[in-house]
Amino acid sequence: MPAFLIPPLLWAQAETASPPASQAAQNALLWLYLAGDTSVAIPGLLGALLTWAKIIGLVALVGWVGSWVVTAVKERFVGVGRWYDYLGLLALALIPLTVFVQVIQTEGWIKPVTIAGLPLPSLMSYVAVLSLATWALVGVWKTIGPFGRPADKLTLVGMALALALGVGAGVGMIQLGMFHRLPDMPEMSWRDGVVHGTRLGVTFMGYVVLARVLSLLVGELFAVRARRLSAIARVTLYESNRKMWAPWVVLIVFGMVLAFTHWFLQPPRAAEMGRLYVGTLTLLCSLLLTAMVTILTPISLPTDIQQQTIYTVVTKPVRRLEVVWGRMLGYMALVTVLVALFGGISLTYLWRTVMGEITRIEALSDRARSDGREREANQYSEQAEQLRSRMAARVPVKGSLSFLDSKGDPHAMGIDVGQEQSMKEPRSHIEGATPAAAIWRYGMVPDPFSPPNRPVILDRRIDVSQFLPLGTVEGEENRVFEIQAQLAALEREKSQPDLTPSRSSQLDASIARWKGDLDKARASFEAVSARAAELEEAGDEAGAEALHAPPLRIEMTFNIYRTTKGEVGKPVYADIELTNEAAGSKFQDVFPVREYYTNRLLIQPSVLVGCMGSLRIDVRCMSPTQYLGMAESDLYLLADNGDFGWNYMKGLFGIWLQAMVLTAIGVFAGTFLSWPVALLTTIAFFIAGQLAFGFLIDFTRQAVLGGGPFESLIRLVTHDNQMSELAPTAGVVVAKTLDSLVMPIMSMLVYIVPNFQVLDVTNTVADGFAVGWRHMLGNTLLALAYALPFSIAGYFILKNREVAA
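Residues numbered from 1 in each chain as written. Predicted model: local features only at pLDDT ≥ 70, side-chain atom pairs only at ≥ 80, totals over all residues. Heavy atoms only, no water.

Attention now goes to the pairing of strand S13 (residues 599-603). The side-chain alternation of S13 yields one buried face, formed by Asn599, Leu601 and Ile603, and one unburied face, formed by Arg600 and Leu602. Strand direction decides the pairing type here: strand S9 (residues 552-556) and S13, joined by 5 bridges, are antiparallel. Residue pairing for S13: Glu555 is matched across the bridge by Arg600. (Buried < 20%, exposed > 50% of the residue type's maximum accessible area, 1.4 Å probe, protein only. Helix = DSSP H or I, 4+ residues; strand = E, 2+ residues; numbered from the N terminus. Pairing = 2+ DSSP bridges.)

Below, the structure written as structure tokens:
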């Protein structure tokens, strides 16, 4: 069976192989499980697309069923006192009652009750779900008959088949014992299979509705014309310029703030000047653009509908999708022009201020060196170098960080000294003058935070060709090692006893070919080495140096937690050791730690020869009574220094992506809301996605300290802390019941609210690190995954809304 069919996190711990007869069935069930379970995600682009399809399908399912139910209520097919309406009322009563029973059982008010082998809350929830589903099904069926099309009836049949497929998959997985082979999985009965299969079936129903939505959209897409889109975009651009003077207001505000920026921005250290200025300018661009888009986009369409100016558009042969996309194109054209202007003005300003400061400091360094003040010259030179490191696009190669404590025992984290820190990348400390160490590992290494019995392997291999290019002595020598390793692997496979004749002949041919390559690599290495030796003997140091790989550059940014002041003026020292276990080479050095600055080491490139992408870097604190702090990204191999200007524009491109998503949300809200409500909706989406998205993630994971909003309100009033358990009073029980009803709904917002934070890469640019093209592509796909559904939802709303009557 192909290895990619089984996710390693799910079935890696299976102890027994399945019979060949059930293998195909297990493969099919596994793919159904991956396609239907919303809590399971597989890595890579395929996994991201599958997760996106699950979410969009479920949203489409809720919207499709909801629209037909609302129509059924309006047309009085339901809600008229028939038998199925009482089922709907029963469901509405049972949902809060079920939650209340669960809460009072948890709080110890009543003992757990079991009926027919099922806990009472579970039985009540099943009855509520069945009652609500029956009521909704009757409403949809009665409405589709007179108002629907044959495709809608076919969609309803497909939903029933999808539900049956999901239930069958869940029961089949139980019967084949697939869940039993999962680690830490309790015994499951056929009823658990039905429940889990129903969850899968609901996702499959979403796929069916999504297919129906796409079928409605295909004809509209083929009818879209670029000429009409450009015309609507041009009108939108003129409207933004003439009526609200939006671009001119934004440019004037940007220029006024920029004119006085240097008056108020005073970096705490001279080396932080570049980071402070870059961060401030990108923040200013982000605030102005998002404010402009947030105000413009939700107001335009409702105003046109209110003033009846949209009638001249919709009465023409213009598609509703063209109205939505044309407005988005117009606004994004305006944003694109402003981003280009902001980028050009900002880069000119940064070159004039920060680069001018670097030139001034370098001149001071040269003057001090010419006057014989070597120490002062070195200080100026180091200060200029630190500034240059921020005004660059460094390409780091990061490893996986783990720790040894003072006894030499391994840990995923070091010592927590109680300093406030970001949980996105927590910092740990190691004790000085002890065996404690911070270890960065490169290669195929286990994740230190994964369970020891189920390790997750991280790919942190070094691309050695970046550091040891071919044509250099070290690069050619490394090529020899790589070919030898490949030959050794082939010869090991050749020595296997159960080798087939065909595979044996293939291996013989491969071994012969690799041996020929080895001879060529050795000859090339010897020729380059001899040429370098000749140049050295002739005194041509520059020519000899050109035949060697550049030094390996390691950059580190550590902090120090001081338990004593120590000797004034004496630095804290650290020991660094590089180990190439594959080739048996080592490098060791002791260096003073410069806190708040970037520590740099230049190492002979020969340490990487033959490493096969693996390396180990150990850092220890040498000064007693002091603690050295670090995070995983604080030490890295520097692969390249890119162009800062292009990197800055990449940071602004992240702001452009945020504006695109916000534009889609604003246009979507304007299709069915009045402009004040649409404006507030757009603002709420931006605040939730930019400032409160981490809080929404905690809601989804049920990791909010102090409980939900109602329980937190009780703690706030009674001055109870977040960690202690509240007494099970009536008020606490009611609050927890309300939280149990509200929090699942709020947790679903994480699938609807865009994650604006992840699109923002300006902090990476301000820190002087490169934003990779792969990262930009991923962010672009993510932004499109948010913007397209909002725009298409706006199209369907505008299509079914009467705006020209």
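Attention now goes to the packing of aromatic side chains. What characterises a pair of aromatic rings is the spacing of the ring centres plus the angle enclosed by the ring planes. For the structure shown, the criterion picks out 17 aromatic pairs. Here Tyr277 and Tyr349 contribute two aromatic rings whose centre-to-centre distance is 6.1 Å and whose plane-to-plane angle is 20°, an arrangement assigned as stacked. Placement of the pair is Tyr277 in helix H11 (residues 273-306) and Tyr349 in helix H13 (residues 320-370), with a sequence separation of 72 residues. Across the pair, exposure class does not vary: Tyr277 and Tyr349 are buried alike. Both rings, one in Phe644 and one in Tyr648, keep their centres 6.0 Å apart while their planes meet at 40°; by these two values the pair is tilted. Here Phe644 and its partner Tyr648 are both found in helix H19 (residues 644-670), 4 residues apart, which amounts to about one turn of the helix. Residue Phe644 is classed as buried on the basis of its relative accessible area of 4%. Among the aromatic residues, ring-to-ring pairing joins Phe668, Phe672, Phe685 and Phe790 into one connected group. The aromatic ring of Phe769 is capped on one face by Arg394, whose charged end is 4.3 Å from the ring centroid. (Phe/Tyr/Trp six-rings, centres within 6.5 Å; stacked < 30°, edge-to-face > 60°. Lys NZ or Arg CZ within 6 Å of the ring centre and 35° of its normal.)

The next point concerns the pattern of salt bridges. In the structure shown here, the tally under the stated rule is 26 salt bridges. For the salt bridge of Glu374 with Arg369, the shortest nitrogen-to-oxygen distance reads 3.4 Å. For Arg369, a relative accessible area of 34% translates into the label partly exposed. Here Glu555 and Arg394 are joined by a salt bridge, their closest N and O atoms 2.9 Å apart. Here Glu555, found in strand S9, pairs with Arg394, found in strand S3 (residues 393-397); they are 161 residues apart in sequence, far enough to count as distant. For the pair Glu555 and Arg394, a shared accessibility class is recorded, and that class is buried. (Salt bridge = Lys/Arg side-chain N within 4 Å of Asp/Glu carboxyl O.)

It is worth spelling out a nonpolar patch on the surface at this point. Together, Trp245, Trp248, Val249, Ile252, Val253, Met256 and Val257 line one region of the surface with nonpolar side chains, adding up to about 700 Å² of accessible area. Inspection of the secondary structure puts Met256 in helix H9 (residues 246-259). Take Met256: its relative accessible area is 53%, and that puts it in the exposed class. (Patch = residues over 30% accessible without salt bridge, like charges linked within 9 Å, V, L, I, M, F, W, Y side chains within 5 Å. Areas by Shrake-Rupley, 256 points an atom, 1.4 Å probe, with all protein chains shown as cover.)

The next point concerns the nonpolar core. Counting 74 residues, the largest nonpolar core has Val278, Met292, Val335, Phe342, Leu350, Phe644 and Tyr648 as the members making the most contacts within it. Leave out the neighbours within four places in its chain, and Phe644 touches Val278, Leu347, Leu350, Trp351, Arg390, Met391, Ala392 and Val765. The next biggest cluster of nonpolar side chains, apart from the first, holds 39 residues, and it includes Phe403, Val593, Val619 and Leu635. (Core = buried A, V, L, I, M, F, W, Y, C linked by side-chain atoms within 4.5 Å. Contact = heavy atoms within 4.5 Å.)

To continue, consider the side chain of Arg212. On the secondary structure map, Arg212 appears in helix H7 (residues 190-223). A residue is classified by how much of its surface remains accessible, and Arg212, at 9% relative accessible area, is buried. Only 3.0 Å separates the side chain of Arg212 from the side chain of Asp152, close enough to count as a polar contact. Those residues in contact with Arg212, other than ones at most four positions away along the chain, are Trp64, Arg149, Ala151, Asp152 and Thr155. (Polar contact = N/O pair within 3.5 Å; in protein donor to acceptor, adjacent residues only side chain to side chain.)

With that settled, the discussion passes to the sheet that holds strand S6 (residues 428-431). Taken together, the 3 strands give an open sheet; going across it, the order is S6-S15-S10, and neighbouring strands pair in antiparallel fashion. In the strand order of this sheet, the two ends are held by S6 and strand S10 (559-562), each with one partner. When strand polarity is set aside, the average angle formed by the axes of neighbouring strands in this sheet is 30°. In this structure, S6 lies alongside strand S15 (residues 626-630), joined through 4 bridges in antiparallel fashion. From the neighbouring strand, Ile430 faces S15, where its bridge partner is Leu628. (Axes fitted to C-alpha atoms, helices over the stretch in contact; angles between N-to-C directions.)

A cluster of acidic side chains, namely Glu536, Glu537, Asp540, Glu541 and Glu545, defines a negative patch on the protein surface. Contributions of two or more residues to the negative patch are made by helix H17 (501-537) and helix H18 (541-546). When its relative accessible area of 35% is taken as the criterion, Asp540 is described as partly exposed. (Lys, Arg positive; Asp, Glu negative; His and termini not counted. Charge placed at Lys NZ, Arg CZ, Asp CG, Glu CD.)

Let's shift gears to the packing of H13 against helix H26 (residues 773-799). H26 packs onto H13 with a crossing angle of 135° between their chain directions and a minimal axis gap of 8 Å. What the angle tells us is that H13 and H26 run oblique. Remark: the crossing between H13 and H26 carries right-handed chirality. Of the residues in H26, those in contact with Arg320, Leu321, Val323, Val324, Trp325 and Met328 of H13 are Leu788, Ser791, Gly794, Tyr795, Leu798 and Lys799. Residue composition of the contact of H13 with H26, grouped by class: 8 nonpolar, 2 polar and 2 charged. (Parallel < 35°, antiparallel > 145°, perpendicular 65-115°, else oblique. Left-handed = near helix turned anticlockwise from the far one by under 90°. Nonpolar A, V, L, I, M, F, W, Y, C, P; charged D, E, K, R; others polar.)

Before going further, it helps to examine the pairing of strand S14 (residues 615-621). Among the 7 residues that make up S14, 5 are buried, leaving the element largely enclosed by the rest of the structure. Pairing of strand S7 (residues 437-446) with S14, which is carried by 5 bridges, proceeds in the antiparallel orientation. Looking at the pairing, Ala438 lines up with Val619 of S14. As paired strands, strand S11 (residues 572-580) and S14 are joined by 6 bridges and run antiparallel to one another. Across the sheet, residue Ile576 finds its bridge partner in S14, namely Val619.

Once that is clear, we can look at H11. Here H11 spans 50 Å end to end across 34 residues, near enough to the 50 Å set by a 1.5 Å rise per residue. The principal kink in H11, of about 30°, is found at Ser300, preceding the proline Pro302 by one to four residues. The element H11 is extensively covered by neighbouring structure, given that 25 of its 34 residues are classed as buried. Residue Gln308 follows H11 closely and has a positive phi angle near 65°. (Expected span 1.5 Å × (residues − 1). Bend = angle between axes of the 7 residues up to and from the residue.)

Quick look at unusual backbone geometry now. The phi dihedral of Met612 is positive, around 60°, even though this residue is not glycine. If you trace the backbone, Met612 turns up in the loop between S13 and S14. The class for Met612 is partly exposed, based on a relative accessible area of 39%. Even without glycine at this site, His719 takes up a positive phi of about 60°. Tracing the chain through its elements places His719 in the loop between helix H22 (709-718) and helix H23 (730-747). His719 gets classed as exposed once you look at its relative accessible area, which sits at 72%.

Right, let's talk about the sheet that holds S3 for a bit. If you walk across this open sheet you meet the 4 strands as S3-S16-S9-S13, and the pairing is antiparallel. Edge positions in the sheet fall to S3 and S13, since each of these pairs with one other strand and no more. Averaged over neighbouring strand pairs, the angle between their axes works out to 40° when direction is ignored. Across the sheet, helix H14 (residues 374-390) touches S3 and S13, and the angle it forms with S13 is around 90°.

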